[in-house]
Every structure is written in C-alpha cells, then in structure tokens.
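A closer look at the structure
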Amino acid sequence: MKKKMYHLAHCTTCQAIIKETGADKAKLEFQNIRDEKITAKQLEEMKKLAGSYEALFSRRALKYKELGLKDKKLTEEDYKNYILEEDTFLKRPVTILNDKIFIGNDKKTVEALKKALQ
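Residues numbered from 1 in each chain as written. Predicted model: local features only at pLDDT ≥ 70, side-chain atom pairs only at ≥ 80, totals over all residues. Heavy atoms only, no water.

Stated formally: UniProt positions are given in the numbering used here, feature names are shortened, and annotations may be inferred rather than shown by experiment.
With an unreviewed UniProt entry as reference, the protein chain is termed Arsenate reductase, source organism Lacibacter sediminis. Checking UniProt for the protein chain, the heading Sequence similarities (unreviewed entry) contains the comment "Belongs to the ArsC family."

Focus: helix α1 (residues 12-21)
The criterion, for reference: With a 1.4 Å probe rolled over the protein chains alone, any residue whose accessible area is under 20% of its type maximum counts as buried; one over 50% counts as exposed, and the rest are partly exposed. By definition, any uninterrupted DSSP run of H or I lasting at least four residues is a helix, any uninterrupted run of E lasting at least two residues is a strand, and each is numbered from the N terminus. Of all possible arcs, the one meant is that of the directions from the helix axis to the C-beta atoms. Here, residues are in contact when the closest pair of their heavy atoms is within 4.5 Å.
The complete set of buried residues in α1 reads C14, I17, I18 and T21. Projected onto a plane normal to the axis of α1, the buried residues spread over an arc of 100° and lie on a single side. Of the exposed residues in α1, the ones pointing more than 90 degrees away from its buried face are T12 and K19. Where α1 is buried, its residues meet β1 (3-7), β2 (29-32) and α5 (107-117). Backbone geometry just after α1 places G22 at a positive phi near 80°.

So, the pairing of strand β3 (residues 94-97)
Going by this rule: Strand pairing is defined by DSSP finding a minimum of two bridges between the two strands.
What you see with β3 is no split at all: V94 and I96 on one side and T95 and L97 on the other are buried throughout. Judged from the four bridges that link them, β1 and β3 form a sheet pairing that is antiparallel. Along β3, the bridge assignment pairs K4 with I96. As paired strands, β3 and strand β4 (residues 100-103) are joined by four bridges and run antiparallel to one another. Residue pairing in the sheet places V94 in a bridge with I103 of β4. Linking β3 back to β4 in an antiparallel pair, the connection comprises two residues, with N98 at a positive phi of about 55°.

A look at the state of the cysteines
Our working definition: The disulfide definition used here is simple: a pair of cysteine sulfur atoms within 2.5 Å.
Using the criterion set out here, one finds zero disulfides in the structure. C11 carries a free sulfur, and the closest cysteine sulfur to it, the one in C14, is 3.6 Å from it. The class of C11 is buried, set by a relative accessible area of 13%. You can call C14 buried: its relative accessible area is 0%.

Listed below in structure tokens is the structure:
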C-alpha cells in the first residue's frame, strides 16, 4: 500500500493543500522534491497512473516562459526530461494513494484528495 506526496516544502500552495486535505495527519510519506529529486523510476510510476507525462507537467512554471516552451511542440520524452531536470515543471503537489493519483492544485483535485484521505 503506497501513500506518498511529492511537493515543494517552501511552496505556500502545497502547504495550504496539505493542511486543507488533512494530509499532514494522514499516514503519508512526504518527499520534498527540492531536497530529494524525483527519480526516473518515480516519475515512470506517476506516468502509469496519470496516463502521460504531459498530465504531470506544469505550464505555470516560470521557466516554461523563460525557455520559450509554449512556442515549441513538446513530446512525451520532452515532458519527462524537463520534469526530471527542473522540479518546478512537476504540477504540484502529486499525491499517490495506492492506485490513484491526484495531480496539482485545482479545486476538484483538492476536494477529491480530501475525500480520499478521510
């Protein structure tokens, strides 16, 4: 049984979601992706649950604009490599509860995670 959250410890949005969903009281393993980089194996596991690397990719990252990625046609391999290279490209937080994955911080996702953790 796997229960894990990938997040950035300094990210106020991640902190708020952890509190709001009760993740801080759940028996979750937390991985601060700034201190402990995501491995290719972990990302592959996330992709299997999410369906694609693109689903895990954040277009809000500052580097997305800086690198001019919005003007490029990215492949699944590109998404994978950017996420492994730069932690801000992972849509955060990513929570895995057994065979379910919750990606990002939109309202529906946060509500679904909150229910799943109850």
